[in-house]
Amino acid sequence: MSFETKKLILDVLESKGVDNLVGLISTGSGQELPEDLFTVTCEIPYVDLPGMGDANVPGHQGILRVVDGPIGDWAVWTGRRHFYQGYTHDEIGLYIDVSAALGADELICLNAAGGLNPDLVVGQMVSIERYRCFTPLPGLHREIDGGPWRETDSGIREKLLRVAEEQALSLTSGAYAGVPGPTYETASEVDWLRSLGCDVVGMSTVAELIRAAELGIKASAVSVVANVHGSGTKLTHDEVVKSSEAAVIKLARIISKYIAQI
Ligand code: HPA
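What counts and how
Residues numbered from 1 in each chain as written. Predicted model: local features only at pLDDT ≥ 70, side-chain atom pairs only at ≥ 80, totals over all residues. Heavy atoms only, no water. Helix = DSSP H or I, 4+ residues; strand = E, 2+ residues; numbered from the N terminus. Rg over C-alpha atoms; globule rule 2.2 N^0.38 Å. Buried < 20%, exposed > 50% of the residue type's maximum accessible area, 1.4 Å probe, protein only. Contact = heavy atoms within 4.5 Å. Areas by Shrake-Rupley, 256 points an atom, 1.4 Å probe, with all protein chains shown as cover. Lys, Arg positive; Asp, Glu negative; His and termini not counted. Charge placed at Lys NZ, Arg CZ, Asp CG, Glu CD. Axes fitted to C-alpha atoms, helices over the stretch in contact; angles between N-to-C directions. Parallel < 35°, antiparallel > 145°, perpendicular 65-115°, else oblique. Left-handed = near helix turned anticlockwise from the far one by under 90°. Near = heavy atom within 4 Å. Polar contact = N/O pair within 3.5 Å; in protein donor to acceptor, adjacent residues only side chain to side chain. Phe/Tyr/Trp six-rings, centres within 6.5 Å; stacked < 30°, edge-to-face > 60°. Lys NZ or Arg CZ within 6 Å of the ring centre and 35° of its normal.

Enquirer: So, the overall build of the protein: which residues are in play, and what are the values?
Expert: When helices and strands are tallied, the protein shows six helices and 10 strands. Relative to the globule expectation of 18 Å for 262 residues, the C-alpha radius of gyration of the protein, 17 Å, shows essentially globular dimensions. Burial statistics for the protein: of 262 residues in total, 53% are counted as buried. Sequence-distant contacts, at least 24 apart, represent 81% of the contacts inside the protein between residues at least 6 apart. By element, 51% of the accessible surface of the protein is carried by carbon and sulfur atoms, the whole surface being about 10900 Å². Charge-centre separation for the protein: the mean point of 21 positive side chains lies 2 Å from the mean point of 35 negative side chains.

Pasting the structure below:
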């Protein structure tokens, strides 16, 4: 994704008065955060942002919402790109680059994920402590340092756990496996991921957490379990979107409190 594309998007944002951000959120399939929990100051459909118009799969809205917080605005990006759609690392990370250019230094990726840990149930929220990238990142020419596991930001995680507890919402912690998709996992893939210590599996998020690390932005993620492997839950994209929608109010309460607290 070219430097010019980022510049064109920044020009549109500036023309709408969006010139400073403290953080950003990206939502996953079926995660339409109810607006009454947020003070939305600006809404821009992706089609009005040059180069973002196609950042959409069914269940994703494709709208950028700017939300007011006590020390500044947050960008909520409701729609993202995935490796399985054929996008490069730069194209997936474009929304993060744009937000970082406006000063955002905190990213929370929300996603719908499959439960690998048999203790998980559909609708459970999981704060991602660490993640493993099984997805190719086309166009990433830089070396990714560290071992196979990468940690998310502990400060973000602690605050997420605190705001969940304050509202008596159950938020466990776990490890995320980022797979390429687009097919869901076979039973042997599930066994293998479990043997590596992965609690949840999904097709997004890792490229974005890695992009944030490249940009020096603090980042973490919250998964909502949309299906539990081996439990007989039906596994289609429509079912994943439905389960995600059912849990979205709990997720929205955590995120709105997170934004509201300094
Ligand atoms: N696997 C991968 N991605 C997913 C799943 C899953 O089981 N559920 C929701 N997204």
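Enquirer: Hey, could you go over the packing of helix α2 (residues 89–101) against helix α5 (residues 206–215) for me, with residue numbers and the actual values?
Expert: Contact geometry for α2 and α5: axes closest at 9 Å, N-to-C directions at 50°. Judged by the inter-axis angle, α2 sits oblique to α5. Once α2 is placed against α5, the crossing between them reads as right-handed. Each of His 89, Asp 90, Ile 92, Gly 93, Tyr 95, Ile 96, Asp 97 and Ala 100 in α2 lies in contact with α5, whose residues at this interface are Ala 207, Glu 208, Ile 210, Arg 211, Ala 212, Glu 214 and Leu 215.

Enquirer: For the environment of Val 122, give the residues involved together with the corresponding values.
Expert: For Val 122, the position within the fold is in the loop between β5 (106–115) and β6 (125–133). Counting along the chain gives 114 residues from Val 122 to Thr 236, while the straight-line C-alpha distance between them is 14 Å.

Enquirer: Give me the lowdown on unusual backbone geometry, citing residues and values where you can.
Expert: Residue Gly 181 is joined to Pro 182 through a cis peptide bond whose omega torsion reads 0°. Tracing the backbone through its elements, the reader meets Pro 182 in the loop between β8 (171–178) and α4 (187–195). Although it is not a glycine, Ala 168 sits at a positive phi angle of roughly 55°. With respect to the helices and strands, Ala 168 occurs in the loop between α3 (154–166) and β8. Not every positive phi belongs to a glycine, and Thr 205 is a case in point at roughly 75°. The exposure class assigned to Thr 205 is buried, which follows from its relative accessible area of 1%.

Enquirer: Residues and numbers for the site of the ligand, please.
Expert: Neighbouring the ligand are Ala 112, Ala 113, Gly 114, Tyr 184, Glu 185, Val 201, Gly 202, Met 203, Asn 227, His 229 and Val 240. A distance of 3.2 Å separates a nitrogen atom of the ligand from a polar backbone atom of Gly 114. Contact with the protein chains hides 96% of the accessible area of the ligand, taken as 260 Å² for the molecule alone. Contributing elements (two or more residues each) for the shell around the ligand: β5 and β9 (200–202). When residues in the shell around the ligand are grouped by element, the largest group, three residues, is from β5.

Enquirer: Any details on the packing of aromatic side chains? Residues and values, ideally.
Expert: Within the structure shown, the criterion is met by four aromatic pairs. Between the aromatic rings of Trp 74 and Tyr 258, the centroid separation amounts to 6.0 Å while the plane-to-plane angle is 90°, which identifies the pairing as edge-to-face. Of this pair, Trp 74 sits in strand β4 (residues 72–78) while Tyr 258 sits in helix α6 (residues 237–260); the two residues are 184 residues apart in sequence, bridging distant segments of the chain. Taken together through their ring pairs, the aromatic side chains of Tyr 46, Trp 77 and Tyr 95 make up a single cluster. Residue placement shows Arg 81 over the ring face of Tyr 87; its charged tip is 4.9 Å from the ring centre.

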